[in-house]
Amino acid sequence: QQEIATVLKQLGIKESNPAYSTGLKWGGSNNKTTRDIYSPADGNLIATVNMATAKDYEQVITTAQEAFKTWRKVPAPKRGEIVRQVGEKLREHKEALGKLVSYEMGKILQEGLGEVQEMIDICDFAVGLSRQLHGFTMHSERPQHRMYEQYHPLGIVGVISAFNFPVAVWSWNAMLAAVCGDVIVWKPSEKTPLTAIACQHILREVLAENELPEGIFNLVIGDAEIGSLMSKDTRVPLVSATGSTRMGKKVGEAVGARLGRSLLELGGNNAIIVTENADLEMALRAIVFGAVGTCGQRCTSTRRIIVHDTVYDQLKERLLKVYDNLPIGHPLDSTTLVGPLIDKDAVNAFTNALQEVQQEGGTLLIGGEILSGENYKTGTYVTPAIVEAENHFEMVQEETFAPILYLIRYSGDVENAIELQNGVKQGLSSSIFSTNLLETEAFLSHWGSDCGIANVNIGTSGAEIGGAFGGEKDTGGGRESGSDAWRIYMRRQTNTINYSREMPLAQGIKFDI
Ligand code: NAD
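Values in this document were obtained by computation on a predicted structure and should not be read as measured data. (Residues numbered from 1 in each chain as written. Predicted model: local features only at pLDDT ≥ 70, side-chain atom pairs only at ≥ 80, totals over all residues.)

As a matter of local geometry, the ligand sits amid 30 residues, with Ala162, Gly227, Gly243, Glu265 and Cys299 nearest to it. When residues in the shell around the ligand are grouped by element, the largest group, 4 residues, is from helix H8 (residues 224–232). (Near = placed C-beta within 6 Å. Helix = DSSP H or I, 4+ residues; strand = E, 2+ residues; numbered from the N terminus.)

Okay, the sheet that holds strand S1 (residues 16–17) next. Spatially, 3 strands are ordered S1-S5-S4 in an open sheet, and the strand pairing comes out mixed. In this open sheet, the two strands that pair with only one neighbour each are S1 and strand S4 (34–38). Relative to strand S5 (residues 45–50), S1 runs parallel, the two sharing 2 bridges. Following the sheet pairing, Asn17 is matched in S5 by Val49. (Pairing = 2+ DSSP bridges.)

Quick look at the packing of helix H3 (residues 76–92) against helix H6 (residues 168–179) now. As a packed pair, H3 and H6 sit with axes 8 Å apart at the nearest point and diverge in direction by 145 degrees. Contacts between H3 and H6 involve Ala76, Arg79, Gly80 and Val83 from the former and Met175, Ala178 and Val179 from the latter. Considered class by class, the residues forming the contact of H3 with H6 number 5 nonpolar, 1 polar and 1 charged. (Axes fitted to C-alpha atoms, helices over the stretch in contact; angles between N-to-C directions. Contact = placed C-beta atoms within 7 Å. Nonpolar A, V, L, I, M, F, W, Y, C, P; charged D, E, K, R; others polar.)

Further remarks concern the UniProt feature "active site" (unreviewed entry) in the protein. The feature "active site" (unreviewed entry), as given by UniProt, occupies Glu265 in the numbering adopted here. Structurally, Glu265 is set in strand S12 (residues 261–265). Not counting residues within four places of it along the chain, the set of residues in contact with Glu265 comprises Thr242, Gly470, Gly476, Gly478 and Glu480. (UniProt positions renumbered as here; feature names shortened; annotations may be inferred.)

Moving on, we come to unusual backbone geometry. The phi dihedral of Thr294 is positive, around 55 degrees, even though this residue is not glycine. Tracing the backbone through its elements, the reader meets Thr294 in the loop between helix H10 (280–292) and strand S14 (302–308). Overall, Thr294 belongs to the buried group, with 26 C-beta atoms counted inside 10 Å. The residue Cys295 is not glycine, and still its phi comes out positive at about 50 degrees. Among the secondary structure elements, Cys295 is positioned in the loop between H10 and S14. Using a count of 30 C-beta atoms within 10 Å as the deciding quantity, one classes Cys295 as buried. (Buried ≥ 20, exposed ≤ 12 C-beta atoms within 10 Å, placed from the backbone.)

Two elements in contact, helix H4 (residues 94–105) and helix H7 (residues 193–209), have axes separated by 9 Å at closest approach and are oriented at 160 degrees. Considered as vectors, H4 and H7 are oriented roughly antiparallel to each other. The handedness of the crossing between H4 and H7 comes out as left-handed. Of the residues in H7, those in contact with Leu97, Leu100, Val101 and Glu104 of H4 are Leu194, Thr195 and Ala198. (Parallel < 35°, antiparallel > 145°, perpendicular 65-115°, else oblique. Left-handed = near helix turned anticlockwise from the far one by under 90°.)

Another point: the nonpolar core. Of all hydrophobic cores here, the largest spans 141 residues; its most connected members are Ala126, Leu176, Ile184, Ile305 and Tyr489. Of all the elements, H6 adds the most residues to this core, at 10 residues. Leu428, Cys451, Ile453 and Ala463 belong to the second-largest nonpolar core, a separate cluster that totals 6 residues. (Core = buried A, V, L, I, M, F, W, Y, C linked by C-beta atoms within 7 Å.)

We now examine the environment of Arg79. Within the secondary structure, Arg79 is located in helix H3. Judged by local crowding, Arg79 falls into the buried class, with 24 C-beta atoms found within 10 Å. When the C-alpha atoms of Arg79 and Phe217 are compared, they prove to be 12 Å apart, with 138 residues separating the residues in sequence. Discounting chain neighbours no more than four positions away, the residues touching Arg79 are Val74, Ser130, Ala178, Val179 and Gly181.

Our next topic: the pairing of strand S16 (residues 385–388). Looking at chain direction, strand S15 (residues 363–366) and S16 are connected through 3 bridges and run antiparallel. Bridge pairing links Thr363 to Glu388 in S16. With 4 bridges connecting them, S16 and strand S17 (residues 404–410) associate as parallel partners. Of the residues in S17, the one forming a bridge with Val387 is Tyr406.

In this model H7 runs 25 Å from its N-terminal to its C-terminal C-alpha over 17 residues, within 8% of the 24 Å that 1.5 Å per residue would give. Glu211 occupies a position one or two residues after H7 and carries a positive phi of about 45 degrees. (Expected span 1.5 Å × (residues − 1).)

In space, the 3 strands of this open sheet follow the order S6-S7-S24, with antiparallel pairing throughout. With one partner strand each, in any of the chains shown, strand S6 (137–139) and strand S24 (490–498) form the two edges of the open sheet. When the angles between neighbouring strand axes are averaged without regard to direction, this sheet yields 20 degrees. With 9 bridges joining them, strand S7 (residues 145–153) and S24 adopt antiparallel strand pairing. Residue pairing in the sheet places Tyr148 in a bridge with Asn495 of S24.

Encoded structure:
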């Protein structure tokens, strides 16, 4: 408790925290609606937050609009310099922020620190990017004409984020959008607002030190209602939303109805294919980490393994041995590998899914209990489950955001396994374990995996920030983070310049005046 108190103090978290921030200023501390935030690790009340009203949201958007007028005129590399300073501050606060991520969300400390490291990495990436926001130049068909394209800032980028990556996903969007010349309004998950408030404190220091205008980086603490206001708001040209497919469909529909742009990062149902040519030791490590890491609460968590007949029993036996000895406990304890689920609703979803899949004919091989006793008083600790199942079962087709691993058998050619892997509605992450080039290339081919991420001899979970991150089908189609994902944060403009004294008309049209 002493350690947590120090962390909260260092990050500016008070007993009662304000509802919104327009960059430099905080607001709405005396609002009527508040939310208490309890740690899923030990059930202790960490702090209380005030929830923003529609009026608060309005205040934030107006301030952001005003800031955009200044920010868009700052040269991109100078915007990059601000992001560099944000990265430096994050380095200073890495330990404290990592601990708060772990304590508020429940992921183990190493993952909390890893999440902050991702934020630092995306800052570095964005700094480099700030000198590379380039378009193409094209040869014109007309003499003494030049054509080229430019990328210009969009305006306000709304970021709606999920509880499981409470800060990293925001930074993937915000740091790129910032160097692109946009201003950002962030609505974090109502389940993890404290880490967002901590980030805003860090940003405020950078804004103040650089005498930047109010409203470049903004925060609104609220639930789905605020997210819904943002989705309908024509002053927000791009809404980047991370969360469930259910939420993404609503946001996508609202943004689409006003012909805005949305970047959707939604649920996954990720599979690892293990062929007869797999290195089973490697596969085992990847499967266990992918299935139980973050207690199965990553969008890229491994939910299905599709295993060849010839190695099925051997792999199953090895997995059961490892699952029997998983260190489950307080996420800040360095020996823990599996922390708690976020809340009791998540525990209910876990137990219901296990019941339903068994009714459909699945066999629960291990796990599925809710732990109790002195170290597990919160009722949020569960034992990760393995279920033998078939791909077409309704529960296997769904993403249950908890540690359930479905074991699916295949025989014959690798194409049979690929068909099963693709046979779900979601399309985020996928992987194959095989040392046979014919199998791995088939998996990566145009008739192979239909996911946004397809890996060979490395699991489904996690991703490097250098690549574009996102998935197809019900995962929403969005891409963020590395590669050329920055383009969605900008508007593209094609320019034609005539440096002759003639005025040729297009299509050879003669139009005498
Ligand atoms: P969620 O859908 O319950 O909430 C996500 C965010 O959306 C929250 O901020 C919430 O307040 C907001 N929201 C909910 N309904 C809304 C609406 N109608 N309009 C606007 N905003 C609304 O998701 P969660 O439980 O926080 O997160 C878990 C889900 O997120 C899983 O499905 C997981 O796969 C997904 N996820 C996806 C990625 C990815 O990159 N693809 C990353 C992390 C999490």
